[in-house]
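Each chain, written out:
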Amino acid sequence: MILAHLALSNVRNYHTLDLDPEPGLNLFIGANAQGKSNLLEALSMLGTGKSFRAARDREIVREGVELAVMRGSAVTRSGNVELACSIAQTERGSRKTYTLNGHAVRYARYLGTLRVVTFVPSDLQLVTGPPSLRRGFLNAALAQDRSDYYRALAQYRTALAQKNAVLRAESVDAELLEIYEEQLIESGTTIVLARDHFVRELAVEAARAHGRFAAERERLDVAYAANAPYEAPTGDAVAAGLRAALRAQARTERVRRIALVGPHRDDLVLQLDARPLAAFGSQGQQRTAVLALKVAEYAVMERRADEAPLLLLDDVLSELDAERARAFLAGVGAFEQAFVTSALPIAGPLHPARTWNIRAARIEAVAC
Amino acid sequence: MPAPGSIVGPVAALINEFSKLPTIGPKTAARLVFYLLNRPRHESQMLADAIMEAKDRVRFCSICFALTEADPCTLCTDEQRDPAMLCVVAEAKDIFAIERTGAFRGRYHVLGGLISPMDGVGPAELHVKELVERVGSTATAEILIATNPNAEGEATALYLARLLQPLGSLVTRLAYGLPIGGDLDYADETTLARALEGRRSM
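None of the values given here were measured: they were computed from a predicted structure. Position labels on residues start from 1 in each chain and follow its written sequence. Lettering for chains starts from A, numbering for ligands starts from 1, and both go in the order in which the items are written. Totals for whole chains, interfaces and linings use all residues, but because this is a predicted model, local features are given only for residues with pLDDT of at least 70 and pairs of side-chain atoms are given and counted only at 80 or more. Computation of side-chain values covers all heavy atoms of the structure but excludes hydrogens and water.

A word on the overall build of chain B. The secondary structure content of chain B amounts to eight helices and six strands. Runs of H or I in DSSP of at least four residues are treated as helices and runs of E of at least two as strands, each being numbered from the N terminus. Written out in order from the N terminus, the α and β elements of chain B read α-α-α-β-β-α-β-α-β-α-β-α-β-α. For 202 residues, the compact-globule formula gives about 17 Å, and the C-alpha radius of gyration of chain B, at 22 Å, lies well above that figure. Projected onto its principal axes, the C-alpha coordinates of chain B cover approximately 70 × 45 × 35 Å. Here chain B holds 202 residues, and 32% of them are scored as buried. The contact criterion used is simple: two residues touch if any of their non-hydrogen atoms lie within 4.5 Å. Taking as baseline every contact in chain B between residues at least 6 positions apart, the subset at least 24 positions apart corresponds to 47%. Working note: accessible area of chain B is about 13000 Å², and carbon and sulfur atoms make up 60% of it. Each radius of gyration reported is based on C-alpha atoms, and the globular scaling rule is 2.2 Å times the count of residues to the power 0.38. For every residue, the accessible area (1.4 Å probe, protein chains only) is compared with the maximum for its type, and the residue is labelled buried under 20%, exposed over 50%, or partly exposed between those bounds. Each accessible area value is a Shrake-Rupley result obtained with a 1.4 Å probe; residue values ignore everything except the protein chains displayed when judging cover.

Here you go:
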């Protein structure tokens, strides 16, 4: 898909912005604190309703105003779509609303219309960082892919918070505990199944991409490590696995007063030639694996939607050496549109369709 | 000393009182206060009287916890109503919604909220004990649980079902489905999926 037009109003340091990006690679060059990351954050918000860095939505609303609006015109396989994500800052906190072609829609309906794959410097920790980063990686891709995944995730989080509250109470109500665990099993099964299927596809693509990147003949293995094991990737088997694990850990959970079982403790296992990458890999090997994962994410998202998502690269190509940067873009291959930011002109042949300068929240095309 | 231009005295006090109300923030509160101050005195008098009148005369029914002037309430004393049918709702206002349908002729029980441990609301904070006692002491054929179809409403309904089923009454739950006069393609997937699960033969 192609984003033909982007309009921002009161988003971070942008008072107003109207941008007509080109198909192909759009390269945004600017010094620090001029608005590069803010632009990519806005693009990611427009697609997913979530920021890749702000903890709170109100951080995105420009200081001193009450309404931030991100609008886009996208050319997709199923026609032209006008989409908008607004954040209203009120006395009672911030509220997000979404519209598609001018009609207000729910988040679950909005999500997945403009699909994005983001790659930001913090993603470079994907191999060595905590499991929450890898779960976030899976969630970002799956929530855009399937609205039932997003719903299950939201239900799971609520049930988990309730269960933890029951476990922390002075006397634990066993009936309530069971009710919330049933809810956790129901939504958890949807989550685990979706992750299982996704990681199977991801593993194939990641191994393929890695094979192209790695100079040596190393093999990257990506596997899904579900917290609660199951015999087969079917709904019944996953639910039975969750139920058995909950039973086995029930006493420990009561003693430690926290929920220890379920997909909120899932992880990905990353191995290079059968050795754990985080412990044994060199920094270069870990970085190459991250690139392979990101290329694989892009490939799976593209195949599942039968449409190329937008590629958003915030200041990562400059973190990579010229060879890896080139290999990454070649790996992504047939992207239809990419937004790439950098503080410095990037070495090597990047072939941008257009280069833009960002200065103090103003974006101007560089004459070519 | 307050900064020049800041609101002080009785106006500030009234804004403060309004902003304690649900869904009213300080700005809305100020709007309401300035509106009232611009209107004739008797309008404010009527508002104040109405609030005090309701507060003094309306209380919770000691049987079903609905809002009432007389205790027990007319719903609990109405002989035309079937005492063997009991409808459990979260809030007193939910009774009005069900009464508007005219399709229910039993009695009610108001829980006073929904179970949500993360918000500090457990069964002990609601009128659950009173419900169990009521079902135990009167012949109840059916208990209809009419809580909202959201996470808290579901958990509360499940909890009550486990508690009440051993007492021998039939425990039912409001059906899920499509809004009447609605369009299939406007229904969200969850609602439609629930409507499919709850389909019935005709």
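Here we take up the layout of surface pockets. Method remark: on a 1 Å grid restricted to protein atoms, a set of points is classed as a cavity if a 1.4 Å probe fits but cannot get out and as a pocket if it is open with protein on both sides within 12 Å along at least five of seven lines; lining residues have an atom within 4 Å of a point. Grid points are joined across faces, edges and corners, and a volume is the space filled by probe spheres set on the points. Of the voids in this model, the largest pocket is the one considered here, and its volume is about 1500 Å³. As for the largest pocket, its lining consists of 42 residues, of which A:Gln155, B:Pro149, B:Asn150, B:Thr190 and B:Arg194 are closest to the centre. Mapped onto the lining of the largest pocket, the elements with two or more residues apiece are helix H4 (147-168) and helix H5 (174-213) of chain A together with helix H5 (92-101), helix H7 (151-164) and helix H8 (189-197) of chain B.

Turning our attention to the side chain of A:Thr189. With respect to the helices and strands, the residue A:Thr189 is situated in helix H5. Those residues in contact with A:Thr189 that sit more than four places away from it in its chain are A:Leu184, A:Gly235, A:Val238, A:Ala239 and A:Leu242.

A word on empty space enclosed by the protein. All chains considered together, the criterion is met by one cavity of 30 Å³ or more. There is about 30 Å³ of room inside the largest cavity.

Note on terminology: a disulfide is the covalent bond linking the sulfur atoms of two cysteines. Only a pair of cysteine sulfur atoms within 2.5 Å qualifies as a disulfide here. Per the stated rule, a full pass over the model turns up zero disulfides over all chains. Here B:Cys76 stays unpaired: no disulfide links it, and the sulfur of B:Cys64, its closest cysteine neighbor, is 3.6 Å away.

The next thing to look at is H5(B). Residues and elements named next belong to chain B. Of the residues making up H5, those classed as buried are Ala-92, Asp-94, Ile-95 and Ile-98. Looking straight down H5, one finds that the buried residues subtend no more than 140° of arc, so they occupy a single side. Residues of H5 that are exposed and point over 90 degrees away from its buried face: Lys-93 and Arg-100. Those residues of H5 that are buried are in contact with strand E2 (67-68), helix H4 (74-77), strand E3 (82-89) and strand E4 (106-110). Directions are taken from the helix axis to each C-beta atom, and the arc is the one they span.

Before going further, it helps to spend a moment on the side chain of B:Thr147. Along the polypeptide, B:Thr147 turns up in the loop between strand E5 (142-145) and H7. In this view, B:Thr147 contacts B:Val88, B:Leu111, B:Leu114, B:Gly153, B:Thr156, B:Ala157 and B:Arg173; residues no more than four positions away in its chain are not counted.

Next up on the list: the environment of A:Val222. Residue and element names in this part refer to chain A. Within the element layout of this structure, Val-222 appears in strand E9 (residues 220-225). The buried category is assigned to Val-222, whose relative accessible area is 8%. Sequence separation between Val-222 and Asp-148 is 74 residues; the distance between their C-alpha atoms is 24 Å. Ignoring sequence-local partners within four residues, the contact set of Val-222 consists of Val-199, Leu-202, Ala-203, Ala-206, Leu-268, Val-269, Leu-270 and Leu-293.

Moving on to the domain arrangement of chain B. We note that the domain assignment places domain 1 (4-57) and domain 2 (62-201) within chain B. Residue ranges labeled as domains rest on an automatic or database domain assignment. Here domain 1 of chain B and domain 2 of chain B have C-alpha centroids that lie 35 Å from each other.

Bringing the interface of chain B and chain A into the picture now. Opposite the 23 residues of chain B that make contact, chain A presents 18 residues. Summed over both partners, buried area is the accessible surface (1.4 Å probe) that two parts give up on being assembled. The junction of chain B with chain A conceals about 1700 Å² of combined surface from both sides, 51% of it contributed by carbon and sulfur atoms. Contact with chain A buries surface across chain B, with B:Pro117, B:Met118 and B:Arg162 losing the most and accounting together for 33% of the total. We define a salt bridge as a contact between a side-chain nitrogen of Lys or Arg and a carboxyl oxygen of Asp or Glu at a distance within 4 Å. Counting across the interface, chain B meets chain A through three salt bridges. We define a polar contact as two N or O atoms separated by no more than 3.5 Å, with the added condition that, inside protein, one atom must be a possible hydrogen donor and the other a possible acceptor, whereas residues neighbouring each other in sequence contribute only through side-chain atom pairs. One can count six residue pairs in polar contact (both at pLDDT 80 or more) joining chain B with chain A. Among the elements of the structure, helix H2 (26-38), H7 and H8 of chain B are those that each provide at least two residues to the side of chain B that touches chain A. It is H7(B) that provides the largest number of residues to the side of chain B that touches chain A, a total of seven residues. Per-class residue counts for the side of chain B that touches chain A are eleven nonpolar, six polar and six charged. Any residue outside Ala, Val, Leu, Ile, Met, Phe, Trp, Tyr, Cys, Pro, Asp, Glu, Lys and Arg is labelled polar, Gly included; the first ten of those are nonpolar and the last four are charged.

Below, the discussion takes up unusual backbone geometry. Residue B:Pro72 is reached from B:Asp71 by a cis peptide bond, and omega for that bond is -5°. Relative to the assigned elements, B:Pro72 resides in the loop between E2 and H4. With a phi close to 60°, A:Ala33 is a non-glycine residue in the positive phi region. For A:Ala33, the location among the structural elements is in the loop between strand E3 (24-29) and helix H1 (36-48). Among the residues examined, A:Ala33 registers a relative accessible area of 77% and is labelled exposed.

Take the pairing of strand E2 (residues 14-19) of chain A next. In summary, the side chains of a regular strand alternate between the two faces of the sheet. Here the rule is simple: two strands pair whenever DSSP picks up at least two bridges between them. In the sheet, strand E1 (residues 2-11) of chain A pairs with E2(A) via five bridges, with the strands oriented antiparallel. Along E2(A), the bridge assignment pairs A:Ser9 with A:Thr16.

This part takes up the packing of H5(A) against H7(B). Between N-to-C directions, angles cover 0 to 180 degrees, with each direction set by a line fitted to C-alpha atoms, over the stretch in contact for helices. Following both chains from N to C, one finds H5(A) and H7(B) inclined at 130°, their axes separated by 10 Å at the closest point. By the angle between their axes, H5(A) is oblique relative to H7(B). Handedness of the crossing formed by H5(A) with H7(B): right-handed. Where H5(A) abuts H7(B), its residues A:Glu175, A:Leu176, A:Glu178, A:Ile179, A:Tyr180 and A:Gln183 lie against B:Ala151, B:Glu154, B:Ala155, B:Leu158, B:Tyr159 and B:Arg162. A per-class count over the contact of H5(A) with H7(B) returns seven nonpolar, one polar and four charged. When an angle is under 35 degrees it counts as roughly parallel; over 145 it counts as roughly antiparallel; between 65 and 115 it counts as roughly perpendicular; any other value is oblique. Crossings are sorted by hand: turned counterclockwise from the far helix by less than a right angle, the near helix makes the crossing left-handed, and turned clockwise it makes it right-handed.

Quick look at the packing of aromatic side chains now. Working definition: rings of Phe, Tyr and Trp (its six-membered ring) pair if their centres are within 6.5 Å, and the pair is stacked with planes under 30 degrees apart, edge-to-face with planes over 60 apart, and tilted otherwise. Tallied over the full model, the rule gives seven aromatic pairs over all chains. For the pair A:Tyr107 and A:Tyr150, a centre-to-centre distance of 4.7 Å together with 85° between the ring planes defines the contact as edge-to-face. Here A:Tyr107, found in helix H2 (residues 107-110), pairs with A:Tyr150, found in helix H4; they are 43 residues apart in sequence, far enough to count as distant. By relative accessible area, A:Tyr107 is classed as buried at 14%. Aromatic side chains A:Phe119 and A:Phe328 sit 5.3 Å apart centroid to centroid with 55° between the ring planes, which places their arrangement in the tilted category. Remark: A:Phe328 occurs in helix H9 (residues 322-332) and A:Phe119 occurs in strand E8 (residues 116-119); sequence separation between them is 209 residues. Looking at A:Phe119, the relative accessible area reads 1%, which means it is buried. Relative accessible area serves as the criterion here: at 1%, A:Phe328 is assigned to the buried category. Here the aromatic cluster, defined as three or more aromatic residues joined through ring pairs, consists of A:Tyr98, A:Tyr107, A:Tyr110 and A:Tyr150. Charge-over-ring contacts are defined here by two conditions on Lys NZ or Arg CZ: a distance within 6 Å of the ring centre and an angle within 35 degrees of the ring normal. The lysine or arginine in question, A:Arg354, covers the ring of A:Trp356, its NZ or CZ lying 5.8 Å from the ring centre. Between B:Arg194 and the ring centre of B:Tyr176, over which it is positioned, the NZ or CZ distance is 4.5 Å.

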